[in-house]
Amino acid sequence: MKKRLHAFALMLGIVTALTGCGGKLRYPAYYTLNLPAPPDPPAAENVRTSIAVREFQSPNYLRQGPIVYRKTPEEIGFYEYHRWAADPRTLVTNAVVDHLRAGGQFSMVSMYDGRPNNDYVFSGKLEKLEEVDYESGVKVEVAMSAQITRVATGATVWSNAVSGTGTVSQRNVRGVVSEMNRTVDLAINKLLSTVPAPQVNER
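Residues numbered from 1 in each chain as written. Predicted model: local features only at pLDDT ≥ 70, side-chain atom pairs only at ≥ 80, totals over all residues. Heavy atoms only, no water.

## Comments concerning the packing of helix H2 (residues 88-103) against helix H3 (residues 173-192)
Helix packing geometry: the angle between the two helix axes and the distance between the axes.
Line of reasoning, step 1. Between H2 and H3, the least distance of the axes is 11 Å, while the angle of their chain directions is 45 degrees. As judged from the angle between their axes, H2 and H3 are oblique. You can see that H2 and H3 cross each other, and the crossing is right-handed. Each of Val92, Ala95, Val96, His99 and Leu100 in H2 lies in contact with H3, whose residues at this interface are Val184, Asp185, Ile188, Asn189 and Leu192.
Line of reasoning, step 2. Per-class residue counts for the contact of H2 with H3 are seven nonpolar, two polar and one charged. (Axes fitted to C-alpha atoms, helices over the stretch in contact; angles between N-to-C directions. Helix = DSSP H or I, 4+ residues; strand = E, 2+ residues; numbered from the N terminus. Parallel < 35°, antiparallel > 145°, perpendicular 65-115°, else oblique. Left-handed = near helix turned anticlockwise from the far one by under 90°. Contact = heavy atoms within 4.5 Å. Nonpolar A, V, L, I, M, F, W, Y, C, P; charged D, E, K, R; others polar.)

## Let's talk about the pairing of strand E4 (residues 75-84)
Line of reasoning, step 1. For strand E1 (residues 29-31) and E4, the ladder comprises three bridges, and the chain directions are parallel. Considered in E4, the bridge of Tyr31 is made with Trp84.
Line of reasoning, step 2. The pairing of strand E3 (residues 66-72) with E4 spans five bridges and is classified as antiparallel. Each residue of the ladder has a partner; that of Thr72, found in E4, is Glu75.
Line of reasoning, step 3. The hairpin formed by E3 and E4 contains two residues between the paired strands. (Pairing = 2+ DSSP bridges.)

## Comments concerning H3
Line of reasoning, step 1. For H3, with 20 residues, the first-to-last C-alpha span of 28 Å sits near the 28 Å given by 1.5 Å per residue.
Line of reasoning, step 2. The buried fraction of H3 is high, at 14 of 20 residues. (Expected span 1.5 Å × (residues − 1). Buried < 20%, exposed > 50% of the residue type's maximum accessible area, 1.4 Å probe, protein only.)

## Describing the pairing of E3
Line of reasoning, step 1. Counting buried positions along E3 yields five of seven residues, so the element is predominantly enclosed.
Line of reasoning, step 2. Sheet topology note: the E3/strand E6 (residues 120-132) ladder contains two bridges and is parallel. Note that in E6 the partner of Tyr69 across the bridge is Glu131.

What follows is the structure in structure tokens.
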């Protein structure tokens, strides 16, 4: 009997701790990047090159789920109840695929599946996606880098790295995510703006 009472008291304590003073459980809010899709024109008739895009890499702390903020350059914090609904790396990768298709430099753009059946491979890294609170106002920082490798030779034929900062006007998490969305879109366009058209004699 004492064991049952002890177990009941323990369960009651856990429920009380979870519900808090208000008597309600608090559930996380989930967010996503809503990046605008570029137009998708057909590739030029003389383009006969294909490229596969690897999923973007990122530091481990950006893959945990919670939205990241920094109070100082050295301190990383996580919003406990504000999380990404999907991995930001996946969203950025899909956006890059869409932009490369729209660019018309390649006749085929696909996700990398490990097979060497493409002319080029695109590899990228999402290096920063975080709220910054240690400077004047609330800002977001985004940074990414990428390179294109020719499969036949293993040579890097292009590389670029960009970063961007946006000021958050609506000082709540929704405002932070909205500014992240805008800054990520600008960074992707800037990153891909220098991608060259493959030379015909490279094949």
